[in-house]
There are 2 protein chains.
Amino acid sequence: MEQQSSEHPDATFDPRELREQLRSGDQEAVLAVLDRIETADQVLAFSRLPEEARRDLLLLLGPERAAELIQALPESLAAESIEELDAADAARILEMMPSNEQADVIGELDDADAGAIMGHLSDADAEDVRRLSAYPDDVAGGLMVTEYLAYDVDSRVSQVIEDLGDNADEYAHYDIQYAYVTDERGGLVGVLRMRDLLLASRQRPLRDIMIPSPVSVRDHDPLERLVRFFDENRFFGVPVLDESGALCGVVHRVAVETAVAEQGDRMYLSAQGIVGGEELRSMPLLLRARRRLSWLSVNIVLNMIAASVIAMHQDTLEAVIALAVFLPIISDMSGCSGNQAVAVSMRELTLGVVRPSEIGRTVLAEVSVGLINGLVLGALLGVVALVWMGNPYLGLVVGGALMLNTIIAVVIGGAVPLLLKRAKVDPAIAAGPILTTVTDMCGFFIVLTFASAMLTKLA
Amino acid sequence: MEQQSSEHPDATFDPRELREQLRSGDQEAVLAVLDRIETADQVLAFSRLPEEARRDLLLLLGPERAAELIQALPESLAAESIEELDAADAARILEMMPSNEQADVIGELDDADAGAIMGHLSDADAEDVRRLSAYPDDVAGGLMVTEYLAYDVDSRVSQVIEDLGDNADEYAHYDIQYAYVTDERGGLVGVLRMRDLLLASRQRPLRDIMIPSPVSVRDHDPLERLVRFFDENRFFGVPVLDESGALCGVVHRVAVETAVAEQGDRMYLSAQGIVGGEELRSMPLLLRARRRLSWLSVNIVLNMIAASVIAMHQDTLEAVIALAVFLPIISDMSGCSGNQAVAVSMRELTLGVVRPSEIGRTVLAEVSVGLINGLVLGALLGVVALVWMGNPYLGLVVGGALMLNTIIAVVIGGAVPLLLKRAKVDPAIAAGPILTTVTDMCGFFIVLTFASAMLTKLA
């Protein structure tokens, strides 16, 4: 019981404690604190340290423990902390990490920092980082590691055992379940269980004891395919072949899990207007403000375009000032309805129950929901307008406009993610602004045109 | 190469093909289609079938293959399809599924259907479903399966081997890596590797060959703890102990992965206004409309409350009709800024770099961003208003209002998720509507109050 509860987040741990001890320079006390608290609290405490204190702590921990901590951090915080170090110190820590995590961290740095650190990596590591960085994040090549064991099919058991002993230090960080067996051109021809290796007579060639025709994936296979693979196979890793069929890496199950979770998180953040990378409040203020502004400035321009529709109908508005109360309601409610349709399309795309080409099907399914919800919302708003402003024609105008615009909003909301997907634009980022701009323009236009037509009854 | 490409989604497969063949009654052709296409296309084609055709297909497949298909479907579609079957047929399919998936599907059904199907399950299965359903979805108890092997510590190797042979059919569906070894009170005292079992002399008791003191989790341990556990341990499953310390289930790695992905998806869907369960367009129209309306109707009421602020200042608006153009812009832009802050708080909570109690810290970090972004956006809108309407005071009023309201929006957006989390309300659902209502009210109030004060300069 004692041991169990110590792994739970310790709400009584004060993240400032670590900072105090770092400041006082008591290295042993710092290490004692980190030993005492669990990973989640280490991350919390580390994220609260000022930049110099983070650097001091990483140096104090030494490359191996520093690498463990870096790997537990959110990626953006990891990169930020690495940037604070001298390139040589940073490289020493990165060398303790698997190649895909090296590439992820270095990919987050600016070019100058990345170049300086690469210069301090071993040639082999630098080459791996360069190669892995060339792949998109969501294909096998972008998720694989280059730390794996591969031996020629004609090698003898004794040679392999000797190699394992000679390079024990280097291999200690590998995730070893299998070694891979390749032919003279690097093609994957078998896998070797460590157990079979130990039980085999030392003079036999690997081809006699390997499991032939192993499963593999291709370097450009997309994340969805890897998810299916690990769903259907109880492996911790799968070998990756490049275009020529040569073995070039291994994708681990945990890398695929992480990538899937990140995909969902990115969808949420994009929809909420956090674009250009994750934001943590520990980041520099100007970076945070600038990133958020990049999204807001697009939106304010789109908003002005939409509002110009109102400006064009100022005379109508002047005659029926009560309309001004209902314009923001129509704008906001159409946005709400449309965003629901966006979310359903995004999910259907993710789940694979709709194809990007099936616009017609999607529109049809949305029109029917739009009719019902538009009718209900329009009637509600119409009745409120009638009671509030005491004019049945006003109720008719705003209720009718909301009804019509709800239908437009769900149709656009449903269709836009599919169209963007076909156009290879990230729908999570672009669908929202496109939707709200178009529905605002339509909504303002409809309500003000209806009102112009009924002006004598309204004024 | 041939084999590789056949696993890729086959864009040429027409999901209607399956429906045609079902209609023609050619059972062999139906099974041939399913054998030919990959799982993703099976799900797509199945989701497009009308309800009766889904039922026919599940019956045609037989319980075992039907269970496989059901498990590949999105949960809501799985439940919908099970509901179409007679309770006895449904039970036969469910019995082929692991207990946690049984409980998940039955949890999605309405009470009458669930009861009828439970009546057809074996007593042991029904009892398991009842027990698992009692746990929240995001703790070990809600994620575990009850299909595992457990033997008494004094059992002999021969007894275990005999039991495995006698019950081979039942155990065939278990995910067996280890058997668990328990004491007379059900407490977990060891794990048994299948390999060690086979290599042991038949008369030895399990206590001699088991690995003692195995790791375990508690039934009420939260998802985050399980995520950490599987990050740090290369196991495919972990035994779960109940309050009394007795072994009560096993959580598999894949269940934890799935739950994490679902958590992110739910956050996105909630933020977009899809609440009360996932929506697929294959669901009944009225259900889809009703669920969306439940969210929209709350929002329209909140919108009306916010708009009442405008109604109270109609005289100001009448004097300066140009303000009506800017009200929707201020409302929408404040919503955008506030939603960004909501997203950052949600992520910081998920990543564990903020605690729900740290309101002050969050507000401080937001005020500074709000100052910068408010200044930029306010200046932009002010200049546009000046140029557009030719009145510098109008620019001052709308620009100043947007500046001030941006600060309010980011502070509220940053703080609300933390406050909701402390109040144990799901912030993903509630933060958005609370935010937009409050910021709309503040925004309308500020701009119209500023305008009233400057009325002589504006009119």
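Residues numbered from 1 in each chain as written. Chains lettered and ligands numbered in written order. Predicted model: local features only at pLDDT ≥ 70, side-chain atom pairs only at ≥ 80, totals over all residues.

1. Topic: the overall build of chain A
Line of reasoning, step 1. Helices and strands together make up the secondary structure of chain A, namely 24 helices and seven strands.
Line of reasoning, step 2. For chain A, the C-alpha radius of gyration of 30 Å lies well beyond 23 Å, the compact-globule estimate for 459 residues.
Line of reasoning, step 3. Judged by the C-alpha coordinates and their principal axes, chain A covers about 100 × 60 × 50 Å.
Line of reasoning, step 4. Here chain A, with 459 residues, has 47% of them falling under the buried criterion.
Line of reasoning, step 5. Looking at chain A alone, contacts between residues at least 24 apart form 71% of all its contacts between residues at least 6 apart. (Helix = DSSP H or I, 4+ residues; strand = E, 2+ residues; numbered from the N terminus. Rg over C-alpha atoms; globule rule 2.2 N^0.38 Å. Buried ≥ 20, exposed ≤ 12 C-beta atoms within 10 Å, placed from the backbone. Contact = placed C-beta atoms within 7 Å.)

2. Here we look at the pairing of strand β2 (residues 178-182) of chain B
Residue and element names in this part refer to chain B.
Line of reasoning, step 1. Looking at chain direction, strand β1 (residues 150-152) and β2 are connected through three bridges and run parallel. Paired with Asp-152 across the bridge in β2 is Thr-182.
Line of reasoning, step 2. Bridge analysis of β2 against strand β3 (residues 188-193) gives five bridges, and the strand direction is antiparallel. What sits directly across from Tyr-178, in β3, is Arg-193. (Pairing = 2+ DSSP bridges.)

3. A closer look at helix α17 (residues 253-271) of chain B
Line of reasoning, step 1. If you check α17(B), its first and last C-alpha atoms are 28 Å apart, about what 19 residues at 1.5 Å a residue would give, namely 27 Å.
Line of reasoning, step 2. Downstream of α17(B) by a residue or two, B:Gly273 has a phi angle that is positive, lying close to 90°. (Expected span 1.5 Å × (residues − 1).)

4. Description of the packing of helix α20 (residues 323-351) of chain A against helix α22 (residues 392-422) of chain A
Residue and element names in this part refer to chain A.
Line of reasoning, step 1. With their axes 7 Å apart at the nearest point, α20 and α22 run at an angle of 30° to one another. By the angle class used here, α20 and α22 are roughly parallel. Like other packed secondary-structure pairs, α20 and α22 cross with a definite hand, here right-handed.
Line of reasoning, step 2. Along the lines of polarity and charge, the residues of the contact of α20 with α22 split into 17 nonpolar, ten polar and one charged. (Axes fitted to C-alpha atoms, helices over the stretch in contact; angles between N-to-C directions. Parallel < 35°, antiparallel > 145°, perpendicular 65-115°, else oblique. Left-handed = near helix turned anticlockwise from the far one by under 90°. Nonpolar A, V, L, I, M, F, W, Y, C, P; charged D, E, K, R; others polar.)

5. Concerning the relation of the copies chain B and chain A
Line of reasoning, step 1. With an RMSD of 0.1 Å, chain B superimposes on chain A once it is rotated by 180° and translated 0.0 Å along the axis. Such a combination of turn and shift is consistent with a two-fold rotation axis.
Line of reasoning, step 2. Same-surface contact between copies: 98% of interface residues of chain B are shared with the interface of chain A. (Least-squares fit on C-alpha atoms with pLDDT ≥ 70 in both.)

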